[in-house]
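An overview of the molecular structure
Each chain is listed here by its residues.
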Amino acid sequence: MAKIIGGLAVSHTPTIGFAVDNDKQNEGAWRPIFESFAPMQQWLAEKKPDALVYIFNDHVTSFFFDHYSAFSLGIDHQYHVADEGGGPRGLPPVKGDAALSRHIGTSLMSDEFDMSFFMDKPLDHGLFSPLSALMPFKPDWPTKVIPLQVGVLQFPIPSARRCFRLGQALRRAIESYPEDINVAIVATGGLSHQVHGERCGFNNVEWDQQFMDLIVNDPEKLTEMTIAEYAELSGVEGAEEIMWLVMRGALSANVVKKHQAYYLPSMTGIATLILENQAGALPVDTTKRHRQKMASQLAGIEKLSGSYPFTQARSLEALRLNRFLHQLIQPGPRERFRREQEAMFVEAKLTEQECSMVRDRDWRSLIQYGASFFLLEKLGAVTGGSNLDIYAAMRGVPLEEFMRTRNQQVTYSVAGNEKVD
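Scope of this entry: the structure provided in the associated data block. Owing to the predicted nature of the structure, the values given are computational and were not obtained by experimental measurement. (Residues numbered from 1 in each chain as written. Predicted model: local features only at pLDDT ≥ 70, side-chain atom pairs only at ≥ 80, totals over all residues. Heavy atoms only, no water.)

So, about the pattern of salt bridges. If the charged atoms of two oppositely charged side chains come close together, the side chains can form a pair. Tallied over the full model, the rule gives 17 salt bridges. Glu 27 is paired through a salt bridge with Lys 24; the nearest N and O atoms lie 3.5 Å apart. Judged by its relative accessible area of 36%, Glu 27 falls in the partly exposed class. Between Asp 111 and Arg 172 there is a salt bridge, with the nearest N and O atoms lying 2.9 Å from each other. Here the residue Asp 111 occupies a position in the loop between α3 (98-110) and β6 (116-118), and Arg 172 occupies one in helix α5 (residues 160-175), the gap between them amounting to 61 residues. Residue class for Asp 111 comes out buried when judged on its relative accessible area of 16%. Connected through salt bridges with shared partners, the residues Glu 335, Arg 336, Arg 338, Arg 339, Glu 340 and Glu 347 form a single ionic network. (Salt bridge = Lys/Arg side-chain N within 4 Å of Asp/Glu carboxyl O. Buried < 20%, exposed > 50% of the residue type's maximum accessible area, 1.4 Å probe, protein only. Helix = DSSP H or I, 4+ residues; strand = E, 2+ residues; numbered from the N terminus.)

Moving on: the environment of Pro 265. Relative to the helices and strands, Pro 265 is located in the loop between β9 (255-263) and β10 (270-277). Separated by 232 residues in sequence, Pro 265 and Ile 33 have C-alpha atoms that sit 8.4 Å apart. Residue contacts for Pro 265: discarding those within four places in its chain leaves Ala 29, Ile 33 and Ile 270. (Contact = heavy atoms within 4.5 Å.)

The subject of this paragraph is the nonpolar core. Of all hydrophobic cores here, the largest spans 56 residues; its most connected members are Ile 104, Ile 174, Ile 185, Leu 222, Tyr 230 and Trp 244. Top element by residues in this core is α5. It accounts for eight residues. Sequence-distant contacts of Tyr 230, defined by excluding residues within four places in its chain, comprise Ala 160, Trp 207, Phe 211, Leu 222, Met 225, Gly 235, Ala 239, Glu 241, Ile 242 and Leu 245. The next biggest cluster of nonpolar side chains, apart from the first, holds 36 residues, and it includes Ile 16, Leu 123, Phe 128 and Trp 141. (Core = buried A, V, L, I, M, F, W, Y, C linked by side-chain atoms within 4.5 Å.)

Glancing now at helix α13 (residues 331-348). For α13, which comprises 18 residues, the first-to-last C-alpha distance of 18 Å sits more than 12% below the rise-based estimate of 26 Å (1.5 Å per residue). The sharpest bend along α13 comes to roughly 105 degrees, located at Glu 340. Buried residues of α13: Pro 333, Arg 334, Phe 337, Gln 341, Met 344 and Phe 345, and no others. Those residues of α13 hidden inside the fold are in contact with α12 (319-326), α14 (352-359) and α16 (373-383). A positive phi of about 60 degrees marks Lys 349, the residue just after α13. (Expected span 1.5 Å × (residues − 1). Bend = angle between axes of the 7 residues up to and from the residue.)

Here we come to the packing of helix α1 (residues 14-21) against helix α4 (residues 125-134). As a packed pair, α1 and α4 sit with axes 8 Å apart at the nearest point and diverge in direction by 50 degrees. Judged on the interaxial angle alone, α4 and α1 are oblique. At the point where α1 passes α4, the crossing takes the left-handed sense. Of α4, the residues touching α1 (which contributes Pro 14, Ile 16, Gly 17 and Val 20) are His 125, Ser 129, Pro 130, Ser 132 and Ala 133. Looking at the contact of α1 with α4 residue by residue, the classes come out as five nonpolar, four polar and no charged. (Axes fitted to C-alpha atoms, helices over the stretch in contact; angles between N-to-C directions. Parallel < 35°, antiparallel > 145°, perpendicular 65-115°, else oblique. Left-handed = near helix turned anticlockwise from the far one by under 90°. Nonpolar A, V, L, I, M, F, W, Y, C, P; charged D, E, K, R; others polar.)

Another point: the environment of Tyr 369. Tracing the sequence through the fold places Tyr 369 in helix α15 (residues 363-369). Judged by relative accessible area, Tyr 369 falls into the partly exposed class, the value being 26%. When sequence neighbours within four positions are dropped, the list of residues in contact with Tyr 369 reads Arg 314, Ala 318, Arg 320, Leu 321, Thr 351, Gln 353, Glu 354 and Met 357.

As a packed pair, α3 and helix α10 (residues 286-295) sit with axes 9 Å apart at the nearest point and diverge in direction by 80 degrees. As summarised for this structure, α3 and α10 are arranged roughly perpendicular, according to the angle between their axes. Side by side, α3 and α10 meet where His 103, Thr 106, Ser 107 and Ser 110 of the first sit next to His 290, Arg 291, Lys 293 and Met 294 of the second.

Counting buried positions along strand β1 (residues 3-10) gives seven out of eight residues, so the element sits mostly inside the fold. Note: β1 against strand β8 (residues 182-188), seven bridges, orientation parallel. Pairing of Ala 9 across the sheet is with Ala 187, part of β8. Strand direction decides the pairing type here: β1 and β10, joined by five bridges, are antiparallel. Along β10, the bridge assignment pairs Val 10 with Thr 272. (Pairing = 2+ DSSP bridges.)

This is how it looks when you write it as structure tokens:
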């Protein structure tokens, strides 16, 4: 089974990435920052975790306010560096572990955390700024990363208590993963800072030190504070330090502090922390019981002949095809598809199998491959087919025969007023 070996916490200011990219680690203002990173680098080099569960927040780069989630888990094979306005940093993409991500996601949902999930999104300095100072990245990163994005920029945001409870659920998720791997939990964010309004530049060194002491020795006390109280003590943006409680909740009650440092160079209190887990063993197999709980909602669904549940695994593997079909909600790609279908196949880098299925309108094969039905009905609308044509093809019978099984003899589609030649 998977084992949580410890937790790391670190601020994620862009300063860190800037210094790495410009070789300023040994210059005056930056040297204390990287001296505090050295023990973390050594710990990671010695422990060699197979995966990092990495808690961070995006800075309105890949996650925008038109659809903003509290907790978003990455379930992809890799994650590229985002462009935050001046071009992406020259770092390789970090590898994900899609199987571990799916297990964690299923576990959290079974524990009634209503997660959102993302694929094919680049990640910004919330993840890559400290990561590039913690680990070597040439030619590739030495471990896999499971990104867990917390929405802390648009209020209401998760409470401190909810973050701590998420960490406890995360521990159950990881420890119930059947592979023998070592996992470290990394929390980023904070400490005290505010970057907007007349209070811009606010810091609170005394609270930063108290917060770090409590996160080690009495994290439950921190869950009693409101977001407004965090904002008062840490600054509004500094309230993102509640993400540290996710990491702390994922560890045992007793931990060993291996390292702690703090430095305030400019706008943000930059802190580093290493906690080693001191988990105890139970004489009963609670992980087996938890895996049974995780599986209970879909237990037996495999017996439904002719059914293909749209799982995260199917979604990820068919992402390229589904993205190609999704563009048909726009007038321009619809019109072009009718005229230049083959050219669009090439541009989307569809495989020959994918091209053939779309070209032949092989609805059943598309479903079996991993296409979402609700994208197939968009393809049907663009090409002049009704939903009933697709339904009949799914059943493998002529439309007339399928229609005889319906109470009303009507056809329809999701097409609007756009004419199809």
